[in-house]
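# Chain and residue survey
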Amino acid sequence: MATTTGLESLVDQIISVITNDGRNIVGVLKGFDQATNIILDESHERVFSTKEGVQQHVLGLYIIRGDNIGVIGEVDEELDASLDFSKLRAHPLKPVVH
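To keep things clear, this report deals only with the structure shown in the data block. In this text, all values refer to a predicted model and were calculated from it rather than measured experimentally. (Residues numbered from 1 in each chain as written. Predicted model: local features only at pLDDT ≥ 70, side-chain atom pairs only at ≥ 80, totals over all residues. Heavy atoms only, no water.)

What follows deals with the overall build of the protein chain. In terms of regular secondary structure, the protein chain is built from one helix and five strands. In sequence order, the protein chain lays out its α and β elements as β-β-β-β-β-α. Relative to the globule expectation of 13 Å for 98 residues, the C-alpha radius of gyration of the protein chain, 14 Å, shows essentially globular dimensions. Dimensions of the protein chain, computed from the C-alpha atoms along their principal axes, are close to 50 × 35 × 20 Å. In the protein chain, buried positions account for 31% of the 98 residues. (Helix = DSSP H or I, 4+ residues; strand = E, 2+ residues; numbered from the N terminus. Rg over C-alpha atoms; globule rule 2.2 N^0.38 Å. Buried < 20%, exposed > 50% of the residue type's maximum accessible area, 1.4 Å probe, protein only.)

Right, dumping it as structure tokens:
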């Protein structure tokens, strides 16, 4: 019997991934495996700062190991497009401590 991770419905959708080291990577989910390793296309990292707006670093096609994933979430494309990231300020996330 195959188990599912709930990611099937997110394939070809824009997702946001928070990694264990506090990075926020956004991209189109192209695939995943049983260890929740994921493949993102058209991806970029959003770097938050309290002093300046959010910087977005283009990554392109990107693979994230499943053991480095903290949270995966679906992105509301309409809401995301309406945000002005140059005016958004936030503290960077701290790494996950086990």
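Don't stop here, the text continues.
Let us now look at unusual backbone geometry. Phi is positive for aspartate 12, which is not a glycine, with a value near 70°. Locating aspartate 12 in the fold gives a position in the segment before β1 (14–19). On the accessibility criterion, aspartate 12 (48% relative accessible area) is partly exposed. Of note in the backbone geometry, threonine 36 takes a positive phi value of approximately 60° without being a glycine.

What follows is about the nonpolar core. Within the largest apolar cluster, ten residues are counted, these being Leu7, Leu10, Ile15, Val17, Ile25, Leu29, Ile38, Leu40, Ile64 and Ile69. Those elements that provide at least two residues to this core are β1, β2 (24–32) and β3 (38–47). (Core = buried A, V, L, I, M, F, W, Y, C linked by side-chain atoms within 4.5 Å.)

A cluster of nonpolar side chains, contributed by Ile39, Leu61 and Ile63, occupies part of the molecular surface with about 310 Å² of accessible area. Within the fold, isoleucine 63 resides in strand β4 (residues 55–64). (Patch = residues over 30% accessible without salt bridge, like charges linked within 9 Å, V, L, I, M, F, W, Y side chains within 5 Å. Areas by Shrake-Rupley, 256 points an atom, 1.4 Å probe, with all protein chains shown as cover. Salt bridge = Lys/Arg side-chain N within 4 Å of Asp/Glu carboxyl O.)

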